[in-house]
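# Coordinates in review
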Amino acid sequence: MKNFISVNDVDNIDELVSNALAYKANPLLHKHIGKNKRLGLLFLNPSLRTRLSTQIAAENLGMNVIVLNVDKDGWKMEFDDEAIMNGTSVEHIKDAAPILGNYFDVLGVRSFPSFTNKEEDYGELVINQFIKYSNIPIISLESATLHPLQSFTDIITIEESLIHSRIVKPKVVLTWAPHIKPLPQCVSNSFAQWINKWQKAEFVIAHPKGYELDKQFTLNAEIVNNQKEALQNADFVYVKNWSSYNDYGRMLCDDASWMLTEQSLQNTNNAKIMHCLPVRRNVELSGPVLDSSNSLTTTQASNRVWAAQAVISKILQNS
Amino acid sequence: MKNFISVNDVDNIDELVSNALAYKANPLLHKHIGKNKRLGLLFLNPSLRTRLSTQIAAENLGMNVIVLNVDKDGWKMEFDDEAIMNGTSVEHIKDAAPILGNYFDVLGVRSFPSFTNKEEDYGELVINQFIKYSNIPIISLESATLHPLQSFTDIITIEESLIHSRIVKPKVVLTWAPHIKPLPQCVSNSFAQWINKWQKAEFVIAHPKGYELDKQFTLNAEIVNNQKEALQNADFVYVKNWSSYNDYGRMLCDDASWMLTEQSLQNTNNAKIMHCLPVRRNVELSGPVLDSSNSLTTTQASNRVWAAQAVISKILQNS
Amino acid sequence: MKNFISVNDVDNIDELVSNALAYKANPLLHKHIGKNKRLGLLFLNPSLRTRLSTQIAAENLGMNVIVLNVDKDGWKMEFDDEAIMNGTSVEHIKDAAPILGNYFDVLGVRSFPSFTNKEEDYGELVINQFIKYSNIPIISLESATLHPLQSFTDIITIEESLIHSRIVKPKVVLTWAPHIKPLPQCVSNSFAQWINKWQKAEFVIAHPKGYELDKQFTLNAEIVNNQKEALQNADFVYVKNWSSYNDYGRMLCDDASWMLTEQSLQNTNNAKIMHCLPVRRNVELSGPVLDSSNSLTTTQASNRVWAAQAVISKILQNS
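All figures in this text were calculated on a predicted structure; none of them were measured in a lab. (Residues numbered from 1 in each chain as written. Chains lettered and ligands numbered in written order. Predicted model: local features only at pLDDT ≥ 70, side-chain atom pairs only at ≥ 80, totals over all residues.)

## Quick word on the overall build of chain A
- For chain A, the count of helices and strands is 12 helices and 11 strands.
- For 319 residues, the compact-globule estimate of 2.2 N^0.38 gives 20 Å, and the C-alpha radius of gyration of chain A, at 19 Å, lies within 12% of that figure.
- With the C-alpha coordinates aligned to their principal axes, the bounding extent of chain A is approximately 55 × 45 × 30 Å.
- Long-range contacts, defined here as pairs at least 24 residues apart, represent 78% of the contacts in chain A between residues at least 6 apart. (Helix = DSSP H or I, 4+ residues; strand = E, 2+ residues; numbered from the N terminus. Rg over C-alpha atoms; globule rule 2.2 N^0.38 Å. Contact = placed C-beta atoms within 7 Å.)

## Describing the relation of the copies chain A and chain B
- After a rotation of 120° and a shift along the axis of 0.0 Å, chain A superposes on chain B with an RMSD of 0.0 Å. With respect to symmetry, the two chain copies, as superposed, fit the operation of a three-fold axis. Across chain A, the rotation axis passes nearest the C-alpha of Lys72 of chain A, at a separation of 5.1 Å.
- An asymmetric contact is evident, with only 4% of the interface residues of chain A recurring at the interface of chain B. (Least-squares fit on C-alpha atoms with pLDDT ≥ 70 in both.)

## Here we look at helix H1 (residues 13-25) of chain C
Residues and elements named next belong to chain C.
- With 13 residues, H1 extends 18 Å from end C-alpha to end C-alpha; this agrees with the ideal 18 Å at 1.5 Å per step.
- Turning to H1, its buried residues number three or more, namely Leu16, Val17, Asn19, Ala20 and Tyr23. The buried residues of H1 all sit within an arc of 160° when viewed along its axis, so they share a single face. Exposed residues lying more than 90 degrees from the buried face of H1 are Asp14, Glu15 and Ala25.
- At its buried positions, H1 is contacted by helix H7 (148-162) and helix H12 (297-318). (Expected span 1.5 Å × (residues − 1). Buried ≥ 20, exposed ≤ 12 C-beta atoms within 10 Å, placed from the backbone. Arc of directions from axis to C-beta.)

## So, the pairing of strand E10 (residues 236-240) of chain A
Residue and element names in this part refer to chain A.
- Counting buried positions along E10 yields five of five residues, so the element is predominantly enclosed.
- Covered by surrounding structure in E10 are Phe236, Tyr238 and Lys240 together with Val237 and Val239, the residues of both alternating faces.
- Both strand E7 (residues 171-176) and E10 contribute to a ladder of five bridges, which runs parallel. Looking at the pairing, Leu174 lines up with Tyr238 of E10.
- Judged from the three bridges that link them, E10 and strand E11 (residues 272-274) form a sheet pairing that is parallel. Bridge pairing links Tyr238 to Met274 in E11. (Pairing = 2+ DSSP bridges.)

## Concerning the sheet that holds strand E2 (residues 64-69) of chain A
Residues and elements named next belong to chain A.
- With respect to topology, four strands assemble into an open sheet ordered E2-E1-E5-E6, the strand pairing being parallel. In this open sheet, the two strands that pair with only one neighbour each are E2 and strand E6 (138-140). Direction aside, neighbouring strands of the sheet carry axes that sit 20° apart on average.
- Examined bridge by bridge, strand E1 (residues 38-43) and strand E5 (residues 106-110) share five bridges and lie parallel to one another. Within the sheet, the bridge partner assigned to Gly40 lies in E5 and is Leu107. (Axes fitted to C-alpha atoms, helices over the stretch in contact; angles between N-to-C directions.)

## As for the sheet that holds strand E11 (residues 272-274) of chain B
Residues and elements named next belong to chain B.
- Reading across from one edge, E9-E8-E7-E10-E11 is the order of the five strands in this open sheet, with parallel pairing throughout. Looking at strand neighbours, the two that pair on one side only are strand E9 (222-224) and E11, the edges of this open sheet. The mean inter-strand angle of the sheet, taken between neighbouring strand axes irrespective of direction, is 20°.

## Some points on the interface of chain C and chain A
- If you look at the interface, chain C gives 27 residues, while chain A gives 21 residues.
- Put simply, the parts of the chain that give the side of chain C that touches chain A at least two residues each are helix H2 (49-60) and H12 of chain C.
- Along the lines of polarity and charge, the residues of the side of chain C that touches chain A split into 13 nonpolar, eight polar and six charged. (Nonpolar A, V, L, I, M, F, W, Y, C, P; charged D, E, K, R; others polar.)

## Quick notes on helix H2 (residues 49-60) of chain A
All names here are of chain A.
- In a regular helix each residue adds 1.5 Å, so 12 residues correspond to 16 Å; H2 covers 16 Å between its end C-alpha atoms and thus fits that length.
- Of all 12 residues in H2, 12 are buried; the element is thus mostly enclosed.
- Within H2 the residues assigned to the buried category are Arg49, Thr50, Arg51, Leu52, Ser53, Thr54, Gln55, Ile56, Ala57, Ala58, Glu59 and Asn60.
- Phi for Gly62, located one or two positions after H2, is positive at around 90°.

## Description of unusual backbone geometry
- Along the chain, Leu277 of chain A connects to Pro278 of chain A via a cis peptide bond; the corresponding omega equals 0°.
- Locating Pro278 of chain A in the fold gives a position in the loop between E11 and helix H11 (287-291).
- For Asn233 of chain B, which is not glycine, the phi dihedral falls at a positive 65°.
- Inspection of the secondary structure assignment puts Asn233 of chain B in the loop between helix H10 (227-231) and strand E10 (236-240).
- One non-glycine residue, Leu219 of chain C, lies in positive phi territory at about 50°.
- Counting through the fold element by element, Leu219 of chain C comes out in the loop between helix H9 (215-218) and strand E9 (222-224).

## Digging into the domain arrangement of chain A
Residues and elements named next belong to chain A.
- Looking at the assigned domains, one finds that chain A contains domain 1 (7-146 + 304-318) and domain 2 (148-300).
- Between the C-alpha centres of domain 1 and domain 2 there is a distance of 25 Å.
- Taken together, the contacts link 23 residues of domain 1 with 21 residues of domain 2.
- Contributions of two or more residues to the side of domain 1 that touches domain 2 are made by helix H1 (13-25), H2 and helix H12 (297-318).
- Broken down by class, the residue content of the side of domain 1 that touches domain 2 amounts to 15 nonpolar, four polar and four charged. (Domains from an automatic or database assignment.)

## Looking at the environment of Thr157 of chain B
Residue and element names in this part refer to chain B.
- The residue Thr157 is located in helix H7 (residues 148-162) in this model.
- Overall, Thr157 belongs to the buried group, with 24 C-beta atoms counted inside 10 Å.
- Distance in space between the C-alpha atoms of Thr157 and Ile136 is 30 Å, their sequence separation being 21 residues.
- Beyond its immediate chain neighbours, meaning those up to four positions away, Thr157 contacts Leu296, Thr299, Gln300 and Asn303.

## Some remarks on the nonpolar core
- Counting residues in each nonpolar core, the largest one holds 301 residues, and the members touching the most others are Val173 and Val237 of chain A, Val173, Val237 and Ile312 of chain B together with Val173 and Val237 of chain C.
- Once you skip the residues sitting within four places of it in the chain, Val237 of chain C turns out to touch Val173, Thr175, Leu231, Leu260, Thr268, Ala271, Ile273 and Met274 of chain C. (Core = buried A, V, L, I, M, F, W, Y, C linked by C-beta atoms within 7 Å.)

## A word on the relation of the copies chain C and chain A
- Taken as rigid bodies, chain C and chain A are interconverted by a rotation of 120° and an axial shift of 0.0 Å, the fit giving an RMSD of 0.0 Å.
- An overlap of only 4% is found between the interface residues of chain C and their copies at the interface of chain A, pointing to separate contact surfaces.

## Some details on the environment of Arg49 of chain B
- Summarising the element assignment, Arg49 of chain B is placed in helix H2 (residues 49-60).
- Arg49 of chain B sits 253 residues away from Ser302 of chain B along the chain, and the two C-alpha atoms are 8.6 Å apart.
- Excluding residues within four positions of it along the chain, Arg49 of chain B makes contact with Leu277, Ala301 and Arg304 of chain B together with Ile99 of chain C.

## A look at the interface of chain A and chain B
- On the side of chain B, 20 residues touch chain A, which itself brings 27 residues to the contact.
- Counting only elements with at least two residues in the side of chain A that touches chain B, the list comes to H2 and H12 of chain A.
- Top contributing element to the side of chain A that touches chain B by residue count: H2 of chain A, with seven residues.
- Here the residues of the side of chain A that touches chain B sort into 13 nonpolar, eight polar and six charged.

## Some details on the packing of H1 of chain C against H7 of chain C
Residue and element names in this part refer to chain C.
- It is the contact of H1 with H7, at a shortest axis distance of 10 Å, that shows an interaxial angle of 80°. When the interaxial angle is binned, H1 and H7 end up roughly perpendicular. Two secondary-structure elements touch here, H1 through Ile13, Leu16, Val17, Ala20 and Leu21 and H7 through Phe152, Ile155, Ile156 and Glu159.
- Among the residues forming the contact of H1 with H7, the class breakdown is eight nonpolar, no polar and one charged. (Parallel < 35°, antiparallel > 145°, perpendicular 65-115°, else oblique.)

## A word on the confidence of the model for chain A
- Overall, the predicted model of chain A reaches an average pLDDT of 96, with 100% of residues at or above 70.
- Among the prediction metrics, the complex's ipTM stands at 0.96, with pTM recorded as 0.97. (pLDDT = per-residue confidence, 0-100.)

## Observations concerning the pairing of strand E8 (residues 202-206) of chain C
All names here are of chain C.
- For E8, the tally of buried residues reaches four of five residues, placing the bulk of the element in the interior.
- With five bridges joining them, strand E7 (residues 171-176) and E8 adopt parallel strand pairing. Counterpart to Val173 in the pairing with E8 is Val204.
- Following the backbone out of E7, through helix H8 (residues 186-198) and into the adjacent parallel E8, one traces a crossover that is right-handed.
- Alignment of E8 against E9, held across three bridges, turns out to be parallel. Bridging from a neighbouring strand, Ile205 pairs with Ile223 of E9. (Right-handed = clockwise from strand over helix to strand, strands pointing away.)

Here is the structure:
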């Protein structure tokens, strides 16, 4: 594996899941393969789980890790190749990235969408500039349109959850939920992309009209605009808010009836509940749903360590 | 030791002091007992000494340490169990803490009082929510009402200072001092609580009327409203500002004559001067007092490493 | 070496360059000489390259490193010995530095000029207070008037670049360039000071009238106010903006013709281009110049690791 930007960088999801679970069973299994290698974690946006889990994963492999809050510790970066830099951005990615490539062996980068330029966001300008100019492997810690470490942890968690079940092909429903501000489409795009490539689920997406995701990620997923109908017999319900893709970055609906409650789950197949966190309690999901034993959110987030560890390990072994 | 939140978590102060002094003599005495264990240091408020000394202490025991400025690196936490999260807080402690509990072996948490809700502050809502939901040992790095690592270092410093002295039962005076803004009562509450349990001092508290501390911490300490009278024959003078407990969080007095100067110390028993730092020079204490050889402030702060190391070591050995 | 504040702390530049290149060839050459030693990196101002390269350098020598953003993680420091601290600064350097001296074995400090008090800036108040009160070696990570780690990396880079050339005594031109805001004179002062002590170049400084640097650093360098004339036959062109020293901290000129372009370089001796970064593309230098194979900026910045490593190593071996 050269970079880890999307599921397209993964040859074999099953093998990667199996590697992650091996690390979960034995975190220090490969405690020397990263020795004398250094991982840089660059945050252009805030992070809690990603920051911690990726650092822990790399340390479990024996790597040195340096975390940098680019804007706060340093300054604002420029990504436009033709910029005349007489504004607020202080350093161009073209100048900074090759140096980071010399300082580090692997770079993780988090950068949210701007929401001001759909083409730039969906062209993944920021992370692609890092790939283009740093000359070392890049791991997405969430980019403008995708969040592959999250989706990988989601697949791991579903797989684990199915180990002792009789379910053969689970019904997985991704449902839109209300929020107080416009959020990126990343987690939803990425989840759709991974579930589609994984091919082991019946995949349904539920959202109000206007919230259609980019078809390059949803492919042949069944789309319904009625949450109740979608949740029928669901085995897994992934709850997530996102803003409109077509009417880019806008909030079109604040219908509180899309909040997932215990009642919404009545006709599911005793569904497990998933969310990438952070979650707005009693806005996206009700407290009792999050607190129920069917909630997988702690497991998902805890599995982030093993997901990152499997990915970094794969990258180290190819480099 | 399961958690370290107050002196009530300490079975034997003398033994803990003795352990700390053993680490001071030999910092790497137990350099392997924390191997493959990870300490998370979560700051909901700023810190300099606590941040550095606790990290160094843990590294001396062989632990991995990750420091997180929760608000700045991540986002605002919600602690109210019934919150409808449609405001500024982004993640609930109920959702975050169990994950931190999986990422780390021990957590240190700093969180100042809100000053908006006395009951919540004195109920120690924040740190108690971490204890309740994280499932791992919690070390207070200063909470709403107490600062036990500071008080422990204060006791260590007094004990050290007495080793070559003929003083049998020192007179220890905690005196209020002026400040430019309202400060928590933590350091004073905690110092009182530790001195009382330690039982080796004659303990006097001096403050202007209206600055009475919570009796659960001061117990039978002698309270006087005249600093000059209190300082008579003092062996140790602990200087500290705090805001009112009764008229919660308010500043009632800005009488500059409470600033500790060389003159204030004339009738003491050549008293040693203590302060937890940071200190406002020439507001709380005069420069010459801080610069005199009787000032123990550098020693107190330096002993923070050994205090933290003794506490973390105790927790690691029980877990 | 006791401290590293300016070139005056260096006995032998050639030896230090040679040590740095030895580390470049073998980063882990002395991976144990810093074992159980701890470096504190204190940033009173933002940093990207300095922060990363110095940490990596210290880790290559086996040191533990703790990075502290003093203002953001902690609070504002006071440096005036006579201050009555009833304003915004929270802690005096006199109180903080001796403690840092006990926590760490070596301290790196970054602190930009205030631009409000030339005497204080050129007296290097901040870094001198750290030296005075911390009792341990201090490394400048850029101070009010100098940036010695940058200048040392510049010398290393020039030396490396000359290895396979026939140039005996290169013509090195430091040229002022436009910028959008007033910058410190540090990099220019320091470069002049190092080039002068190094004695292996013909040294010319080009700037518009009014931008004369402090003569204590430029010494007998040739000063010209015509960039074209200065660049004639140049082997190395160091591009840098600075604000006025005489009319302290002011911008006197925004003449865009001082921006370095391919055309400006026509009459040079196929000059190599240098800049300390971050650089404002198409304001200080044109994009094509920065992107040309003659640009040494990536090499300069990458060599920062080996520069820092040689300096820290020297300090560790003397202490």
